[in-house]
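Coordinate inspection notes
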Amino acid sequence: MNLSVQTKAFALLATLGLIAGCSSNQTMDDGAYDSASDVAAIDQSGGSTVYGGSDDGGVSAETLTEEERMAAEQAALREITTFYFDFDTSEIKPEARDVLVAHARYLAEHPNQRVRLEGHADERGTKEYNLALGERRAKAVQRFLIVNGASRGQIETVSYGEEKPAVMGSTESAWAQNRRVELVFE
Amino acid sequence: MTYRTWMTFPRAAAAILAACLVLVAPARAELLIRITEGADAAIPISVVPFAEQGALPPGDKVSRIVRDDLTMSGEFRPLPPEKMLSLPSRREDVFFRDWRLLGQRYVLVGELSRQADRVTARYELFDVNQEKRILGESAAASVNNLRTLAHHISDKVYEAITGVPGAFSTKLAYVTVDNANGKPRYRLQVSDVDGKRARIRLESREPILSPAWSPDGKALAYVSFETGKPVVFVHELATGKRTKVADFPGLNSAPAWSPDGKALLLTLSKDGNAEIYRMELASGALKKLTNHWAIDTEATYDATGEGIFFTSDRSGGPQIYYMERIGAEPRRITFGSRYNARPRPDGTGDYVYYVHQRDSAFHIARTNLKTGDETILTRTQSDESPSVSPNGRMLIYATKQGENSVLTVISADGGAAYSLPASEGDVREPAWGPIVQ
Amino acid sequence: MTNRERKVTSTGTPPWKSPVALSLLLHLVIVLVAVTGWTWSSPSHEPPPRSISARLISQQPEPSPVVDTRDQPDRDQQRRAEQERQRIEEERRKAEEARRQAEAQAREVERRKAEEERKRQEALAREREAKAKEAARQKAEAEAKERARQKAEEERKRQEDARKKAEEERRRKEEQARREREEAERRKAEAERKRLEAERRLREQQLEALAEEARRAEEAEALRQQQAAAAKAREAQMLSESEKYQALIRERLSAAWYPPSSATEEMTARLQITLLPTGELADVRLVSGSGNAAFDNSALSAVRSLNRYPVPDDRETFERYFRQFTIEFNPRRLR
């Protein structure tokens, strides 16, 4: 029921192109929803301008050429290789989209570059489910990259579930940092 | 005072008196008192240190092991030997009055005698209140196998009192993680149910997950990341022979044996999404049992061997589903909260146990399959990996103790918990082995 | 009368048995009559006495045989003498006869005359005699009559007396009977009276008893109601007392019972227990088992584990509820 409502609602929003900055419901993730969000993200690529179009960006733009400015911006974005998720979701957060788009463009521009997406979960919940959840997160990122220019052959996914936490401990902060997909360029 | 008088009163006279009282008693509406609840406590039992004939090797005494076994079950509360008024080893020396005064319900006495490399245990179990012997046997083992002997005695005592076969002679498989030097070392181990006599079966720098016992107790299936990704192996314990049974692209995980030991249920994502498959071990042939965009994993056969329980988030979050037979539409079992996963049915078909989220905590819960009633069994948080003992009476699971994960045994109805002594680092992924005759 | 006359007239043929007596009597009577008659009749009537003497002689010979018997030794002679004498006799007699015939004829005329006279005299005598006889007869008859009358009178008197006596007797008897009857009746009446009196008294007593009974019943009913109310109150008290101790026992047994892990909610074990007033267990009996030995044992062990059952001090409540009762073990809420 939720599914169909969400799907319809999202389809409507996507059609209207009104998504930018819209944080979708984090608890209502499922496969169909992920796919829709990936697809929607492509349409929103233009929307990242809105996101990136901050005052800071406007200030620096005057000192650099447009291309230099863009390249520097992309390189800075690509410094970020870890993407975080909410509990029991595989939905890419809006703030991650520009970065992932940057990675996708880079991969598109460098066809020999390979990347491994390592999906992780926090320690909560069951190991096997978390293993699947980590995989789903990795695959969500993989789809996003492919949709944004990367080719399937460049990308490998693996899930470690909750087995390889980035941060030890049983705190909200640790959990938040452990629910992630890491891009490992080889 | 009166109590002693009564106790020394000749039984025959007492019987006659009682008969007379019955005869002279006037007719009256008979009172009926219903007892619908029992003591919310473990049964007091005294395991008296066994007498010993001949030199026995150092280490835990057999009676001590029995005591610990019974304690671990959560159903018994053994009296510390220092509180005993006497240490009888034969019936003649058992003074029921004393044990009664100590509030004991049962007394186990025995004697170990060594002949060459064999040790024979002769033991007797008494019901203190009924002043009746309810068990009297002897068993033998090699002198190096006194633990086996002890667990055997525990099984017999447990069965005599509860009416259910004991599961103290079974084995546990689990994974330990040693994070010394910042480099984790994963070890798959097999031990007695009390965690003793642990033996490492596999050591790896990469994670080991989901050990699963073959029905005959001779092999383990598990997930190893030793190749950099999850791969399912079958490991014959006697020979150490390992077989990579599932190494498909994506996930290869969540192995579970079919009751006949000829097939494994697996979670594979080779087709893009985590689905449940059945693999015939002889041929490697796969049959896809689920086909859904959601995560379907953690499958296990039910008590009949016909249907399967599994975890699926097709409703939005992980929940337990039951497929009555292969191909049937899965039916959702759990509704109590938004997170219920990793089902483990007991052997009776009455209950299914699983990890259950309540608020921010994860507990072990069970659902009565007949009534649908859900009960949360654990008081700890961050609980994982429930595994039911083969007699259905105990449950082992992993939980956090400080920074580390430890194994805890509870009675299947949620009674007293007993933590297995942890080695250094985490102990996780317990799997309770079958009763092997 | 006639018979007497005839006797007199047939003198010629009198009975030969006593001729002398007869002749004497006859002569006496004739003389008597003659004398008598003579005195008052004419002298012409003199002759008849001679004839009478003649007749006397002729009658004399007959007793002679007595003398003959003295001459018997000389019979032949005597017989010839006799014969001769008889022939002389015969001739004499014939002479006699002829003379007598002459005389007879004379005498006959004489005799006829006398006869007539005598007849006449006789008729007269007879007439007198008849008259005398008649007088005597009349006299006798009168006397007889008188006697009969007297006798009848006596008889009448006797009968009267007897009658009177009988009457008297009857009356006496009747009187006695009456008295007896009356006495009996009186007694009977008395008895009846007494009986009635007794009955009356009995009735009265019964009535009294009934009244008493009714009164008692009323009192008893009142008492009973009072007692019932008290008993009810007592019952209620006992019940509440009983419930209190039931709860205590339940609590103690619940704490003492360790249902085995194999227990299910379908299992029920019923135990009948018998207590002593002190609360000590006298006996326990498994009335119906659960089918699970461990379960039944747990129940038995629980029941035996209490050293002393909480029981009311009140003996009646104890006897009523706790002397013997049943405990049912049936887990409703397994952990």
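This text goes with the structure placed above it.
Residues numbered from 1 in each chain as written. Chains lettered and ligands numbered in written order. Predicted model: local features only at pLDDT ≥ 70, side-chain atom pairs only at ≥ 80, totals over all residues. Heavy atoms only, no water.

**Brief notes about the sheet that holds strand β25 (residues 361–368) of chain B**
Residue and element names in this part refer to chain B.
- Taken together, the 4 strands give an open sheet; going across it, the order is β23-β24-β25-β26, and neighbouring strands pair in antiparallel fashion. Each having just a single partner strand, β23 (340–345) and β26 (374–376) make up the two edges of the open sheet. Mean inter-strand twist for the sheet, computed between neighbouring axes without regard to direction, equals 30 degrees.
- Across 3 bridges, the pairing between β25 and β26 is antiparallel. If you follow R366 over to β26, its bridge partner there is T375. (Pairing = 2+ DSSP bridges. Helix = DSSP H or I, 4+ residues; strand = E, 2+ residues; numbered from the N terminus. Axes fitted to C-alpha atoms, helices over the stretch in contact; angles between N-to-C directions.)

**Looking at unusual backbone geometry**
Residues and elements named next belong to chain B.
- Phi is positive for R342, close to 55 degrees, though the residue is something other than glycine.
- Tracing the sequence through the fold places R342 in strand β23.
- Accessibility expressed as a relative area gives 6% for R342, which makes it buried.
- One non-glycine residue, S385, lies in positive phi territory at about 50 degrees. (Buried < 20%, exposed > 50% of the residue type's maximum accessible area, 1.4 Å probe, protein only.)

**Looking at the interface of chain B and chain A**
- Counting residues at the interface gives 41 residues for chain B and 30 residues for chain A.
- Our enumeration of links across chain B and chain A arrives at 4 salt bridges.
- Across the pair E163 of chain A and R428 of chain B runs a salt bridge whose closest N-O atoms are separated by 2.9 Å.
- Our enumeration of links across chain B and chain A arrives at 17 residue pairs in polar contact (both at pLDDT 80 or more).
- Every element with two or more residues in the side of chain B that touches chain A is listed here: β11 (208–213), β15 (252–257), β19 (296–301), β23, β24 (351–358) and β31 (426–432) of chain B.
- When residues of the side of chain B that touches chain A are assigned to their parent elements, the largest contribution, 3 residues, is made by β15 of chain B.
- Taken together, the residues that form the side of chain B that touches chain A break down as 18 nonpolar, 12 polar and 11 charged. (Contact = heavy atoms within 4.5 Å. Salt bridge = Lys/Arg side-chain N within 4 Å of Asp/Glu carboxyl O. Polar contact = N/O pair within 3.5 Å; in protein donor to acceptor, adjacent residues only side chain to side chain. Nonpolar A, V, L, I, M, F, W, Y, C, P; charged D, E, K, R; others polar.)

**Quick notes on the pattern of salt bridges**
All names here are of chain B.
- Across all of its chains, the model carries 80 salt bridges over all chains by this definition.
- Between K171 and D192 there is a salt bridge, with the nearest N and O atoms lying 2.8 Å from each other. Linking K171 in strand β8 (residues 171–178) with D192 in strand β9 (residues 185–192), this pair joins segments that are 21 residues apart in sequence.
- For K171, a relative accessible area of 30% corresponds to the partly exposed category.
- We classify D192 as buried; its relative accessible area is 2%.

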